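Below are the chains, spelled out letter by letter.
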Amino acid sequence: MSLDNAAMTLFGDSISGNCLKVKYVADHLGLPYEWVETSVLNGETQAPEFLAMNPAGQVPVVRFADNRVLAQSNAIMLHLARGTSLIPSDPWDRAQMFQWLFWEQYSHEPAIAVLRFQKFYLKKADSEIDPALPARCGKVLALMNDHLAGRSFFVGGSLSLADIALAAYTRFAHQAGLDLTDYPHIRAWIGRVERGLNLDPVT
Ligand SMILES: N[C@@H](CCC(=O)N[C@@H](CS)C(=O)NCC(=O)O)C(=O)O
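The structure displayed is predicted, hence computed values, not measured ones.

Moving on, we get to the overall build of the protein chain. Summing up its helical and strand segments, the protein chain has seven helices and four strands in all. Listing every helix and strand of the protein chain by position from the N terminus yields β-α-β-α-β-β-α-α-α-α-α. Oriented by its inertia axes, the alpha-carbon framework of the protein chain measures out at about 50 × 45 × 30 Å. Burial status across the protein chain gives 33% buried among its 203 residues. Once local pairs closer than 6 in sequence are excluded, the contacts in the protein chain between residues at least 24 apart make up 67%.

Dropping the structure here:
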């Protein structure tokens, strides 16, 4: 069965970088979709009808015209971007893109996104936040900044899914109380990614 992106439905929460990743890719590639705002804070991802679609109870989710459903932000991006320049054709560059996508999910998102959610959305005081969390964010940012020294993008000199995945939360780092002043390569890269995706700067 061929998978047609036409009339796909994206279930996402606009405050979520994981969901915005998918939106950025669809917009960049000009793929038609309907966005269904699905609030995590209001518990909409735990509603029975949503759980019937994604038993993991998480956004983003994409439902295609043939009713097939795909979850996990990076899996969705990879599927939507198949055959485009967002996935490097060079095998080594592609492997490095995967390296950064896995790192993003295991190390970056659990630090930056979680700190942002606790501070900006749950309004937790610093005393309520695990002190290891900001420290982990600092390590993540330092690693990214070092990698980006002398590079325009994460992999292979042009915008790829690695940049989109990593920029989705990094561009909102200030909402996690993280100051990017000391990370000039990250700031310059965020600007390049925003221009590449035609996004208004957030800072
Ligand atoms: N690894 C998943 C993470 C998805 C995720 O954590 N989604 C959050 C919003 S950013 C969510 O739906 N949380 C609702 C819940 O866990 O109840 C992905 O990349 O899509």
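Next comes the rest of the write-up.
For helix H3 (residues 73-80), the full list of buried residues reads Ser73, Asn74, Ile76, Met77 and Leu80. When H3 is viewed along its axis, its buried side chains cluster within an angular range of 160 degrees and face the same direction. Looking at the packing, one finds that the buried side of H3 touches helix H1 (17-29), strand E3 (61-63), strand E4 (69-71), helix H4 (91-121) and helix H6 (161-170).

The next thing to look at is the site of the ligand. Around the ligand sit 13 residues in total, of which Ser16, Asn18, Gln58, Val59 and Ser73 are the nearest. In the shell around the ligand, the residues fall into three nonpolar, nine polar and one charged.

To continue, consider the pairing of strand E1 (residues 8-12). The two faces of the sheet receive side chains in turn, since in a regular strand these alternate between them. With four of its five residues buried, E1 lies for the most part within the structure. In terms of strand pairing, E1 meets strand E2 (residues 33-37) through five bridges, oriented parallel. Its bridge partner being in E2, Thr9 is matched across the sheet by Glu34. Two elements, E1 and E3, share three bridges in a ladder whose sense is antiparallel. Opposite Thr9, over in E3, you have Arg63 as the bridge partner.

Moving on, we come to the nonpolar core. Within the largest apolar cluster, 48 residues are counted, with the highest numbers of intra-cluster contacts made by Ile112 and Ala162. Contributions of two or more residues to this core are made by E1, H1, E3, H3, H4, helix H5 (132-148), H6 and helix H7 (184-197). Counting residues per element, this core draws most heavily on H6, which supplies eight residues. Domain assignment of the residues forming this core places at least three in each of domain 1 (8-80) and domain 2 (91-197). Contact partners of Ala162, with chain neighbours within four places excluded, come to Met97, Trp100, Leu101, Phe154 and Val155.

On to the sheet that holds E1, then. Within a sheet, neighbouring strands are paired by backbone hydrogen bonds and run either parallel or antiparallel to one another. Taken in spatial order, the four strands make up an open sheet running E2-E1-E3-E4, and their pairing is mixed. Sheet topology places E2 and E4 at the edges, where each strand pairs with a single neighbour. Each adjacent strand pair in this sheet contributes to an overall mean axis angle of 20 degrees, direction not counted. Along the sheet, H1 makes contact with E1, E2 and E3, crossing E1 at roughly 150 degrees.

On to the domain arrangement of the protein chain, then. Its domain assignment divides the protein chain into domain 1 (8-80) and domain 2 (91-197). Facing the 12 residues of domain 1 at the interface are 11 residues of domain 2. The set of elements that each furnish at least two residues to the side of domain 1 that touches domain 2 consists of H1 and H3. The biggest single contributor to the side of domain 1 that touches domain 2 is H1, with seven residues.

About the criteria used
- Residues numbered from 1 in each chain as written.
- Predicted model: local features only at pLDDT ≥ 70, side-chain atom pairs only at ≥ 80, totals over all residues.
- Helix = DSSP H or I, 4+ residues; strand = E, 2+ residues; numbered from the N terminus.
- Buried ≥ 20, exposed ≤ 12 C-beta atoms within 10 Å, placed from the backbone.
- Contact = placed C-beta atoms within 7 Å.
- Arc of directions from axis to C-beta.
- Near = placed C-beta within 6 Å.
- Nonpolar A, V, L, I, M, F, W, Y, C, P; charged D, E, K, R; others polar.
- Pairing = 2+ DSSP bridges.
- Core = buried A, V, L, I, M, F, W, Y, C linked by C-beta atoms within 7 Å.
- Domains from an automatic or database assignment.
- Axes fitted to C-alpha atoms, helices over the stretch in contact; angles between N-to-C directions.

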